[in-house]
Amino acid sequence: MELEQLEQLTVIAECGTLSKAAEQLHISQSALSRSIQRLEAELDCPLFSRTKNHMSLNDAGAIALEHARSVLAEATRLKEAIAEHSRKRFTLHVSSCAPAPLWRMVPVIGERSPELLVVPKLDSLKAIQRDLMSGIIDMAILPFDLRLPNTIAIPFMSEDLRAALPEGHALANRSSIKLSELDGETFLMYHGVGFWREVLEKHVPNAHYVLQDDYLIFSQLSQTSPLPGFITDASETERFVGNRRIVPIEDADAHATYHLTMLSQNDRWSDLAEWIGKRLTIGEGISPRCPDR
């Protein structure tokens, strides 16, 4: 008995005639008839009542049809389960608190494992930690070490937030500034800056923002807008500096060391994570923290 024969049985039942079923199955009527006869021989029971110009399911055929549909449904679920397993095997879900680490990491993964489909996502710190612990994502990029016994954290790059001030701005000629000195101003900002927005809300709570969702439009506006903004040393600076002065920010929160974080029991990706850490290391003498034993 073959799945193909069970499918043929269901199509005949749906079409009502052998000729229409053969047309739908793209086989000859005689081939379909022989296949059904072999099925009946194996079941040792006729499944159709036949006349010269008509055939219809008999009682045994109705029972066979019910079970055929069940078997075919199970076969479909089997295929879907295997496909899902294969998809997960070659899919890596990574959530990051900022865009720059993804810009660095995704191409590097492609160098080592081109067969992997990387699914990157920019998310809040709270959501990233929740999804990591629940197993929704495979890796998390956080600006700190979670320091939980069931996690592995690999520092792999750093980033500094800087002010991009128009030349006429009162602070434009300073060698460095504190974020509090910018409080109350209005800034041009790209919406997808990640956790840096949380840093700014903490240190410049009275600031206002002109947000842009489209990165291309944001880049164009940054060339001509009189509004101050922010960039990082990992940004494509030349795209949106324009006639601005880049001023370092003194606050400790303006510096981020990103940690590639994963659950210690998820050793499937541990080799890749260690390789990424070495490939994108932030300096000598910095080692990943292993889980407590």
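Placed above this text is the structure.
Calculation rules
- Residues numbered from 1 in each chain as written.
- Predicted model: local features only at pLDDT ≥ 70, side-chain atom pairs only at ≥ 80, totals over all residues.
- Heavy atoms only, no water.
- Helix = DSSP H or I, 4+ residues; strand = E, 2+ residues; numbered from the N terminus.
- Rg over C-alpha atoms; globule rule 2.2 N^0.38 Å.
- Buried < 20%, exposed > 50% of the residue type's maximum accessible area, 1.4 Å probe, protein only.
- Contact = heavy atoms within 4.5 Å.
- Core = buried A, V, L, I, M, F, W, Y, C linked by side-chain atoms within 4.5 Å.
- Phe/Tyr/Trp six-rings, centres within 6.5 Å; stacked < 30°, edge-to-face > 60°.
- Lys NZ or Arg CZ within 6 Å of the ring centre and 35° of its normal.
- Patch = residues over 30% accessible without salt bridge, like charges linked within 9 Å, V, L, I, M, F, W, Y side chains within 5 Å.
- Areas by Shrake-Rupley, 256 points an atom, 1.4 Å probe, with all protein chains shown as cover.
- Salt bridge = Lys/Arg side-chain N within 4 Å of Asp/Glu carboxyl O.
- Lys, Arg positive; Asp, Glu negative; His and termini not counted.
- Charge placed at Lys NZ, Arg CZ, Asp CG, Glu CD.
- Arc of directions from axis to C-beta.

Asks: What exactly am I supposed to notice about the overall build of the chain here?
Replies: The helix and strand inventory of the chain stands at 10 helices and 11 strands. Since a compact globule built from 293 residues should have a radius of gyration of about 19 Å, the 31 Å found for the chain marks it as more spread out than a globular shape. Dimensions of the chain, computed from the C-alpha atoms along their principal axes, are close to 100 × 50 × 30 Å. By the burial criterion, 43% of the 293 residues in the chain qualify as buried. Expressed as a percentage of contacts within the chain between residues at least 6 apart in sequence, the contacts between residues at least 24 apart total 69%.

Asks: Can you walk me through the nonpolar core in this structure?
Replies: Within the largest apolar cluster, 57 residues are counted, with the highest numbers of intra-cluster contacts made by L182, F195, W196, F230, Y258 and L260. Residue contributions to this core peak at seven residues, all from strand 6 (residues 151–166). Here W196 is in contact with A98, E159, L161, T232, D253, A254, H255, A256 and Y258, once residues within four sequence places are set aside. Counting 16 residues, the second largest nonpolar core, distinct from the first, contains I12, A21, I36 and A64.

Asks: Explain the packing of aromatic side chains to me, please; I cannot follow it from the model alone.
Replies: Aromatic rings considered in pairs are described by the distance between their centres and by the relative angle of their planes. Following the criterion strictly, the structure yields seven aromatic pairs and no others. Judged by centre distance (4.8 Å) and plane angle (40 degrees), the rings of F187 and F230 are tilted. Of this pair, F187 sits in strand 7 (residues 186–190) while F230 sits in strand 9 (residues 229–232), placing them 43 residues apart in sequence. Each ring, one from Y190 and one from Y215, has its centre 5.1 Å from the other, and the planes form 80 degrees; the classification is edge-to-face. With a gap of 25 residues between them, Y190 in strand 7 and Y215 in helix 8 (residues 215–224) connect regions that are remote in the sequence. Here Y190 falls in the partly exposed class, since its relative accessible area comes to 22%. Taken together, the aromatic side chains of F187, Y209 and F230 make up a single cluster linked through ring pairs. Over the aromatic face of Y209 sits the side chain of R197, whose NZ or CZ is 4.5 Å from the ring centroid.

Asks: I tried to follow the environment of L3 on my own but got confused; where do I start?
Replies: As for its position among the elements, L3 is in helix 1 (residues 3–15). Since its relative accessible area comes to 41%, L3 is described here as partly exposed. In this structure, the C-alpha to C-alpha distance between L3 and P99, residues 96 residues apart in sequence, is 49 Å. Sequence-distant contacts of L3, that is, excluding residues within four places in its chain, are made with V71, L72 and A75.

Asks: How should a negative patch on the surface be read in this particular structure?
Replies: A contiguous patch of negative charge on the surface is contributed by E2, E4, E7 and E42. Note that E2 resides in the segment before helix 1. For E2, a relative accessible area of 46% puts it in the partly exposed group.

Asks: Explain the environment of H54 to me, please; I cannot follow it from the model alone.
Replies: By secondary structure assignment, the location of H54 is in the loop between strand 1 (48–50) and strand 2 (55–57). Classification of H54 as partly exposed rests on a relative accessible area of 43%. Each C-alpha atom of the pair H54 and L132 lies 61 Å from the other, and the pair is 78 residues apart in sequence. Each residue touching H54, except ones within four places of it in the same chain, is listed here: G16 and S49.

Asks: When you look at helix 2 (residues 18–25) in this model, what are you seeing that I'm missing?
Replies: The periodicity of an α-helix, 3.6 residues per turn, causes residues three or four places apart in sequence to face the same way. Buried within helix 2 are the following residues: L18, A21 and A22. Down the axis, helix 2 shows its buried residues gathered within 100 degrees of arc, on one side only. Those residues of helix 2 that are exposed and aimed more than 90 degrees away from the buried face are K20 and E23. Where helix 2 is buried, its residues contact helix 1, helix 3 (29–43) and strand 2. Two residues or fewer after helix 2 comes H26, characterised by a positive phi angle close to 60 degrees.

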